[in-house]
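In case you want the letters, here they are:
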Amino acid sequence: MPLQFDSLDAILNHGFDTVIDVRSPAEFAEDHVPGAVNLPALDNAQRAEVGTLYKQVSPFDARKIGAGMVIRNVATHLDGPLRGKDGAWRPLIYCWRGGQRSGVFRTILSEIGWRAETVKGGYQSFRRLVNRHLYEVPLPHRLVLLDGNTGTAKTALLPRLAARGVQVLDLEGLACHRGSLLGSMPGGQPPQKRFETALAVALQGLDPGRPVVVEAESSKIGRITLPPSLLSAMWSAPRIVMDVPLQARAAYLARAYREVIADPEVVAARLAPLRRVRGHAVVDRWVALSQAGALEDLSLALMVDHYDPAYAKSRRIDERAVLAVVEAAALDEAGQERAADAVVAALGRL
């Protein structure tokens, strides 16, 4: 009988040697059980072909042709990545709904002698556990927001806090985006489902009895939308506010975003949407500063003309208690270390 997992913790701590996702590469790329390997029963083209046969010809013909494809693909996997597995190896197999693809795969592996099992409901059952974790029940975690204007090194402080034993949740790291028009990262952002899986796993690994520091964010990071349970917890969480002089922020931002703002073409393209908001003259001045290589001046102008006014308008101070204000005169290595120590001290007063 297929195995049923009733909690996210149960499926993440499944106890098998390998989790095999037999869905197509495209399905796997969108999201998958953490740690799973992709050994497709049908590749992308084959899945599309079988689906077309199912709708346009008959389910029988689709299953017959699909079965041959699956068997040949399993044989390829046996001659390839599974060739070195010994008799004690225990795989857990899943497909989209826990149906034929995983069933055929398991039957073949079981006939060889491996103790293979399948997941009841397949990936969809795992997805329901993630949804329940993020959309249906309140988060039990004690969040503390690390807040402050753009350029106050909030993201850079998170690993320094983690090194001091503080629990942190790096949303921008999970979303692969730094949360602004200039915030794109190499490789782009993950699909929404894959982000949510990574977020659920990260939350699962945190102790609800201890504070969790998370950077203050809006409801979206790039094109990723934060789930309502997390947003609700963030909006009611106390804040530690970073207070840094404007010039120190400009110097930090110029260093942190150098690979982006040093390229005038990138600056022009990414800031183009702000022409309707800030006006052509303002954006033209930003682009000119980039062309002149005046990166600190550009950073300063972006904060004064755009980021600080937008931040002041959007933040919800009235709904969040201020636990502490951390003042930092500079955000070089030593300044960030002092700021991290101050944040830890503030957390100690909770």
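Data block above holds the structure.
The model shown is predicted, which means the values in this text are computed figures rather than measured ones.

Definitions and cut-offs
- Residues numbered from 1 in each chain as written.
- Predicted model: local features only at pLDDT ≥ 70, side-chain atom pairs only at ≥ 80, totals over all residues.
- Heavy atoms only, no water.
- Helix = DSSP H or I, 4+ residues; strand = E, 2+ residues; numbered from the N terminus.
- Pairing = 2+ DSSP bridges.
- Axes fitted to C-alpha atoms, helices over the stretch in contact; angles between N-to-C directions.
- Contact = heavy atoms within 4.5 Å.
- Buried < 20%, exposed > 50% of the residue type's maximum accessible area, 1.4 Å probe, protein only.
- 1 Å grid on protein atoms, 1.4 Å probe; cavity = no way out; pocket = protein on both sides within 12 Å on 5 of 7 lines; lining within 4 Å.
- Points joined across faces, edges and corners; volume = space filled by probe spheres on them.
- Nonpolar A, V, L, I, M, F, W, Y, C, P; charged D, E, K, R; others polar.
- Phe/Tyr/Trp six-rings, centres within 6.5 Å; stacked < 30°, edge-to-face > 60°.
- Lys NZ or Arg CZ within 6 Å of the ring centre and 35° of its normal.

A.B. asks: Got a minute to help me understand the environment of Val104 in this structure?
C.D. replies: Position of Val104 relative to the elements: it lies in helix H5 (residues 100-112). Sequence-wise, Val104 and Tyr123 are 19 residues apart; in three dimensions their C-alpha atoms are separated by 16 Å.

A.B. asks: What is the right way to read the sheet that holds strand E10 (residues 239-243) from this model?
C.D. replies: Strand pairs in the sheet, formed through backbone hydrogen bonds, run parallel or antiparallel to each other. The parallel open sheet is built from five strands, whose spatial order is E6-E7-E5-E10-E11. Edge positions in the sheet fall to strand E6 (167-169) and strand E11 (322-327), since each of these pairs with one other strand and no more. Adjacent strand axes in the sheet meet at a mean angle of 25° when their direction is disregarded. Judged from the four bridges that link them, strand E5 (residues 142-148) and E10 form a sheet pairing that is parallel. Looking across to E10, one finds that Asp147 is bridged to Val241. Sheet strands in contact with helix H7 (residues 154-163) are E5, E6, strand E7 (211-215) and E10, and its direction is about 140° off that of E5.

A.B. asks: When you look at H7 in this model, what are you seeing that I'm missing?
C.D. replies: For an α-helix, the turn length of 3.6 residues means that residues three or four places apart are oriented alike. Among the residues of H7, Lys154, Leu157, Leu158, Arg160 and Leu161 are the ones counted as buried. Buried residues along H7 sit in contact with E5, E6, E7, E10 and helix H17 (333-347). Phi turns positive one or two residues past the end of H7, at Gly165, with a value near 90°.

A.B. asks: What's the story with the layout of surface pockets in this structure? I'm lost.
C.D. replies: In this approach the atoms are scanned with a rolling probe the size of a water molecule, which exposes any empty space left behind. If you add up the space inside the largest pocket, you get close to 1,000 Å³. Every residue lining the largest pocket is counted, 40 residues in all, and those nearest its centre are Thr150, Gly179, Ser180, Glu217 and Tyr307. For the lining of the largest pocket, the elements supplying multiple residues, two or more each, are E5, H7, strand E8 (220-221), helix H11 (246-256) and helix H16 (295-314). Tallying contributions element by element places H16 first for the lining of the largest pocket, with six residues. The residue inventory of the lining of the largest pocket, partitioned by class, reads 16 nonpolar, 14 polar and 10 charged. Estimates place the volume of the second largest pocket at around 680 Å³. What lines the second largest pocket is a set of 20 residues, among which Leu42, Val50, Arg97, Gln100 and Arg101 lie closest to the centre. Looking at the lining of the second largest pocket, the elements with two or more residues in it are helix H3 (44-56), helix H4 (59-79) and H5.

A.B. asks: How do you make sense of the packing of aromatic side chains when you look at a structure like this?
C.D. replies: To describe a pair of aromatic rings, one takes the distance between the centres and the angle between the planes. Inspection of every chain in the model, using the stated rule, returns three aromatic pairs. When the ring of Trp89 is compared with that of Trp114, the centres are 5.0 Å apart and the planes differ by 85°; the resulting orientation is edge-to-face. Of the two residues, Trp89 is situated in the loop between H4 and strand E3 (91-94) and Trp114 in the loop between H5 and strand E4 (117-118); the sequence distance between them amounts to 25 residues. The class of Trp89 is buried, set by a relative accessible area of 4%. Assessed through its relative accessible area of 9%, Trp114 is described here as buried. Between the aromatic rings of Trp96 and Tyr123, the centroid separation amounts to 5.5 Å while the plane-to-plane angle is 25°, which identifies the pairing as stacked. Pair noted here: Trp96 is in the loop between E3 and H5 and Tyr123 is in helix H6 (residues 122-136), with a separation of 27 residues, a long-range link. Chaining the aromatic ring pairs together yields one cluster made of Trp96, Tyr123 and Phe126. The ring of Phe16 has Arg90 lying over it, and the distance from NZ or CZ to the ring centre is 4.3 Å.

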